[in-house]
Each structure stands twice: as C-alpha cells, then as structure tokens.
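Analysis of the macromolecular model
Spelled out from the first residue to the last, the chains are:
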Amino acid sequence: MGAGWEWDETLFSGTAAFYRRGRLPYAPGLADLLAGVLHLDGRGRLLDLGCGPGTVALRLAGLFDEVVAVDPDPGMLAEAARGAAEPEVADNVRWVRARAEELPSGLGDFTVATLAQSFHWMDRERVATAVRGMLRPGGTLVHISDLKGESRSVDGLPYPAVPRAAIDGLVRGWLGPVRRAGRGLLPRGTPSGEDAVLAGAGFAGQYRHVVPGGQALVRTWDDVVAEVFSMSFSAPHLFGDRLAGFEADLRRLLRDASPSGRFSERQPGTEVFVWPRGTD
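Note that the structure is predicted; figures quoted are calculated from it, not measured. For every chain, the first residue of its written sequence is number 1, and the numbers climb from 1 along that sequence. Where local features are concerned, this predicted model is filtered to residues with pLDDT of at least 70; where side-chain atom pairs are given and counted, the filter is 80 or more; whole-chain, interface and lining totals use all residues. Values shown for side chains rest on all heavy atoms present in the structure; no hydrogens or waters enter the calculation.

1. Notes on the side chain of aspartate 48
As for its position among the elements, aspartate 48 is in strand β1 (residues 45–49). Note on exposure labels: buried denotes an accessible area under 20% of the residue type's maximum, exposed denotes more than 50%, and partly exposed covers the range between, all computed with a 1.4 Å probe on protein chains only. Working convention for charge: Lys and Arg count positive, Asp and Glu count negative, and His plus the chain ends are omitted. Each reported salt bridge corresponds to a side-chain nitrogen of Lys or Arg within 4 Å of a carboxyl oxygen of Asp or Glu. Of the side chains with opposite charge, arginine 59 lies nearest to the buried aspartate 48, which makes no salt bridge, at 11 Å. Any pair of N or O atoms that falls within 3.5 Å is considered a polar contact. Within protein, one atom must be able to donate a hydrogen and the other to accept it, and sequence-neighbouring residues count only if both atoms are side-chain atoms. A polar contact is formed between the side chain of aspartate 48 and the side chain of threonine 114, at a distance of 2.8 Å. Contacts are assigned to residue pairs with any non-hydrogen atoms lying within 4.5 Å of each other. In this structure aspartate 48 touches Val56, Ala57, Val68, Ala69, Val70 and Thr114, once residues within four positions along its chain are discounted. Comment: elements are numbered from the N terminus, with helices defined as DSSP H or I runs of at least four residues and strands as E runs of at least two.

This is how it looks when you write it as structure tokens:
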C-alpha cells in the first residue's frame, strides 16, 4: 500500500450488513469456470483470503472437501455465518478471524487459494509468499475481480442508470476530496501490479479467463444505499454523527435521478487470473 497508510481494524467497520444486498455479484458461471479450469471434483481444500461475507467461499464450497475462509473483520464473519446457515448451502466452511499477514497460522495445506478483490489491502509480497508455501504441489492461486473497462450501458432497459458519478461527488463533498480508508487516507488509491508481486513470489505464469456478464438487473433506492455503505471509502463510521444527514442527501439524489425508485444495471463480467504454484 502507499507510503503513510497502515491497515487498521476500522477499514470495513459497519459495512458487512450492507454487503450482500449492495454489492453486485460475480458473474453467473464463475463456479463452473473454476471447476472446469482447475478440474475440481469435490475433493481438496480451498483457502479464501479476505473472504468478507463469504461471497466466494459460499459459492465454491460444493467444489471442495473443506473451505477455510479468513477475514479480520468480525462483522464480515458474522454475516458470512448467517449466509452459511441458509438452506442448500454447503456446511463445510470454517470461518477464521485473522489477517492474511498472520498466515500460515497452522491452517494446513491447500489445493486452491482465492483472493477476490482483497489483495490490494494486504502486504502483498508477504502474503503471496506465505500462500505459495501453503499450497500443495500442483496447487493454484486464483485472483478474482470485476472485469475492468467493459461498457455496461443501460440503453434499451426500462430505468435510468445508477448515478454513480453524482454519488461519488456527494461522498467527496461530505468526506473530502481524498479517498478515505479506515483511519487513514489514500491519495493515490489502492496499488496495482499484482502480476509482478505474484511472479516475484514464485508463482508460474498466469492464465486469464473471463466469465461474461451483461445480464439486465433492477436496483432499488435501498440497494444503491447499501452499495454506498458497503464501500471502504464511504463506510458508515466515516460520517460519525453526520451519517443521517448524508443518507438523507443520498436518498434525495437517488429520488431525483429515478422517481420510480428503480434503476437499471447490467451484471459485470468477472475476470479470473489463475496462477499455478510453480516448482521450487
């Protein structure tokens, strides 16, 4: 992470309750893609790092004997446990409260490790080295994210698009022009360059796959409010005793943008990078 920023436990404080409603899901077909590419057959162990409310762990649980899902935020793990209790969800997931930097933490070895839009919050060199050491020979690290740079126009759909540029401006008006992150600031945003980090840790060359999105979705005012409060840079605690005022302004903006209370959206595609462990 950039100089001067240090992780702290408030990074996602208060966001977990909004996560599952607010965040757009990964594209349908993600589990099928990984099952085919990695030849998953219900055996082996998965390590999901920065698991949040179980977004990936619960979706992939049926492909493994056991899933170990790790996150430092207790609210995220509580939300994940609630999701795991729902009918037809595999019961083979173990939730561990820890930072990825604390690995290996006696968790054993794994067939596959996943990082789903969480790696940029970590000490990446340290975590990459630790994860590689926890993978069995022939094991794989999978880096998952929304597909960047795709056009997701809502032309032809029944409702207006979510006014994200206006929402970003509103957040900056309330919290300042520099992105917030926990108790600190990220003037340059989060880092990139994962390829170099993983190659430097000894992983073999990556294989890229895309799970297509594009499906039409309908979002309500409440869905969009939940999305805003699920983000680290607009987490509820950042507003302090001004939270109600911000939410009132946000709902006024959404009402003006779509008096019907509905927005059209297209499902993002999902980008998957598969990194074989490589040989020592």
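2. Considering empty space enclosed by the protein
Cavities and pockets were defined on a 1 Å grid built from protein atoms only: a cavity is a group of points that admits a 1.4 Å probe but offers it no way out, a pocket is an open group of points flanked by protein on both sides within 12 Å along at least five of seven lines, and a lining residue is one with an atom within 4 Å of any such point. Grid points are joined across faces, edges and corners, and a volume is the space filled by probe spheres set on the points. Per the counting criterion, the structure on display carries one cavity of 30 Å³ or more. Together, Leu34, Leu38, Leu40, Leu60, Leu63, Phe64, Val112, Thr114 and Val142 line the largest cavity.

3. Describing the layout of surface pockets
One number sums up the size of the second largest pocket: a volume of about 150 Å³. Around the second largest pocket sit Asp168, Val171, Arg172, Leu175, Gly176, Pro177, Val178, Arg179, Arg180 and Phe233, which together line it. At four residues, helix α6 (residues 164–175) tops the list of elements feeding residues into the lining of the second largest pocket.

4. Describing the nonpolar core
Residue types Ala, Val, Leu, Ile, Met, Phe, Trp, Tyr and Cys, when buried and joined through side-chain atoms within 4.5 Å, form a set referred to as a nonpolar core. Within the largest apolar cluster, 28 residues are counted, with the highest numbers of intra-cluster contacts made by Leu34, Leu60, Phe64 and Ile144. Taken together, the elements giving at least two residues each to this core come down to α2 (30–37), α3 (57–60), β2 (66–71), β4 (110–116), β5 (135–146) and β11 (270–276). Excluding anything up to four places from it in sequence, leucine 60 contacts Ala31, Leu34, Leu46 and Thr114. Core analysis: the next-biggest nonpolar cluster, separate from the first, contains 27 residues, Met122, Leu198, Ala201 and Trp275 among them.

In short, shape yes, function no, at least from these values alone.
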